[in-house]
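In case you want the letters, here they are:
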Amino acid sequence: MSARTDDLWQRLARLTPARIGLGRAGAGLPTREVLKFGLAHAQARDAVHTPMDAAAIAAAVAALGLPTVTVTSGAADRATYLRRPDYGRRLSADSLKALADSAREPVDLALVVADGLSARAVHEGAAALLAAFKPHAERAGWRLAPVTIATQARVALGDAAGAALRARAVVVVIGERPGLSSPDSLGLYVTFDPRPGRSDAERNCISNVRPAGLSFELAAFKLNWLLTQAFSRGLTGVNLKDESDRSIEADMPDPAIAAR
């Protein structure tokens, strides 16, 4: 590889976390790139297997002035959770009863914070995302259920939680499956009229929410837009397209955010 070509690849590599222009050492990769790949793979595995500290998450959410309730899925441990995704999609019997008992009156929105496949993402980003979203919910005047902190949970667990809490809509804030450059990514799943049996086609998703991806402020703005449209149209999913970008310049209070 010529010096000019090498410099071009280096400039391109600075623009993306993708593995490009790695170079060669004989017929293989340079040792530094092999080591970097090994580290990224280990970080992804750690993200999947590290348990979520539900108490710490609950404390961080409570510090925002939001009450919480902690629940578990039907998966008794991490090994079961990984082998049986269906167990992670439903609440344990005790948790379902606890949520139903706490639902004194209908609410507009239930927020569920779930470990998913990356507790690291939840530890590092869930409270920041909720802090960015809270002003939107307050301006809209939405009635919120206590924030549900769910362990060993999949996205569909939010359907049962939202129904038990008598919520018009549910948002599941969950750790996404870690890639080799993004072990800290959150996904936000929005479902109108949550109830067991909802399909993925009936949800909207905002993904790659993390410091190196979609910012918490912009994710909160998009989430607010989707919820406003969901309440207005009475639906989420494939029939609700995210057109929030059209209103960013008009609605975002911070010009620096609008320019992203």
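Residues numbered from 1 in each chain as written. Predicted model: local features only at pLDDT ≥ 70, side-chain atom pairs only at ≥ 80, totals over all residues. Heavy atoms only, no water.

1. Overview of the packing of aromatic side chains
This is how the line gets drawn: Aromatic contacts are taken between Phe, Tyr and Trp rings whose centres are within 6.5 Å, Trp giving its six-membered ring; a plane angle under 30 degrees counts as stacked, one over 60 as edge-to-face, and the others as tilted. Type-normalised accessible area, obtained with a 1.4 Å probe on protein chains alone, sets the label of each residue: buried when under 20%, exposed when over 50%, and partly exposed for intermediate values. Numbering of helices and strands runs from the N terminus; a helix is a DSSP stretch of H or I covering at least four residues, while a strand is a stretch of E covering at least two.
Going through the model one piece at a time under the given rule, you end up with 3 aromatic pairs. A ring pair is formed by Phe133 and Trp142, whose centres lie 6.4 Å apart and whose planes are at 25 degrees; its orientation type is stacked. Given a relative accessible area of 14%, Trp142 falls into the buried group. Where Trp142 meets Phe231, the ring centres are 5.4 Å apart and the plane angle is 65 degrees; that geometry is what we call edge-to-face. With a gap of 89 residues between them, Trp142 in the loop between α7 (119-140) and β3 (147-151) and Phe231 in helix α9 (residues 216-233) connect regions that are remote in the sequence.

2. Topic: the packing of helix α6 (residues 93-102) against helix α8 (residues 157-164)
Formally: Axis geometry follows a simple rule: fit a line to the C-alpha atoms, using only the stretch in contact for helices, then measure angles between N-to-C directions, giving values from 0 to 180 degrees. Whether two residues are in contact is decided by their heavy atoms: any pair within 4.5 Å suffices. Here the nonpolar group is Ala, Val, Leu, Ile, Met, Phe, Trp, Tyr, Cys and Pro; Asp, Glu, Lys and Arg are the charged ones; every other residue, Gly included, is treated as polar.
One can describe the packing of α6 onto α8 by two numbers: an axis separation of 8 Å at closest approach and a directional angle of 35 degrees. Residue-level inspection shows Leu96, Leu99 and Ala100 of α6 in contact with α8, the latter providing Ala160, Ala161 and Ala164. Residue classes in the contact of α6 with α8 are distributed as 6 nonpolar, no polar and no charged.

3. Notes on the nonpolar core
This is how the line gets drawn: By convention a nonpolar core is built from buried Ala, Val, Leu, Ile, Met, Phe, Trp, Tyr and Cys residues, the set being connected through side-chain atoms within 4.5 Å.
Counting residues in each nonpolar core, the largest one holds 43 residues, and the members touching the most others are Val113, Phe133, Ile149 and Leu227. Elements that contribute at least two residues to this core include exactly α3 (54-62), β2 (107-114), α7, β3, β4 (167-175), β5 (186-192), β6 (203-209) and α9. Sort the elements by how many residues they give to this core and α9 lands first, with 11 residues. Among all residues touching Val113, those that are not within four sequence positions of it are Ile57, Val122, Ala126, Leu130, Val147, Thr148, Ile149, Ala150 and Val173. Listed in part, the 21 residues of the second largest apolar core include Val69, Leu99, Val112 and Ala145.

4. Some remarks on the environment of Val170
Here Val170 shows up in strand β4. In the structure, Val170 is positioned 60 residues away from Ala110 in sequence and 4.7 Å away in space, judged by C-alpha atoms.

5. Brief notes about the confidence of the model for the protein chain
Which entries qualify depends on this criterion: The predictor rates its confidence in each residue with pLDDT, a number between 0 and 100.
Summing up the model confidence of the protein chain, the mean pLDDT is 90 and the portion of residues at 70 or higher is 93%. The model gives residues 255-260 a pLDDT under 50, and that stretch makes 7 contacts with residues more than four places away or in other chains.

6. A closer look at the pattern of salt bridges
Convention followed: The salt bridge criterion pairs a side-chain nitrogen of Lys or Arg with a carboxyl oxygen of Asp or Glu, the two atoms within 4 Å.
Scanning the model with the defined rule gives 17 salt bridges in all. The residue Arg120 makes a salt bridge to Glu124 at a minimum N-O spacing of 3.1 Å. Taken as a pair, Arg120 and Glu124 lie in helix α7 at a separation of 4 residues, close to a single helical turn. What makes Arg120 partly exposed here is its relative accessible area of 30%. The closest approach of N and O atoms between Asp242 and Lys222, which form a salt bridge, is 3.3 Å. Pair noted here: Asp242 is in the loop between α9 and α10 (248-251) and Lys222 is in helix α9, with a separation of 20 residues, a long-range link. If you follow the salt bridges from partner to partner, you end up with Asp193, Arg195, Arg198 and Glu202 in one network.

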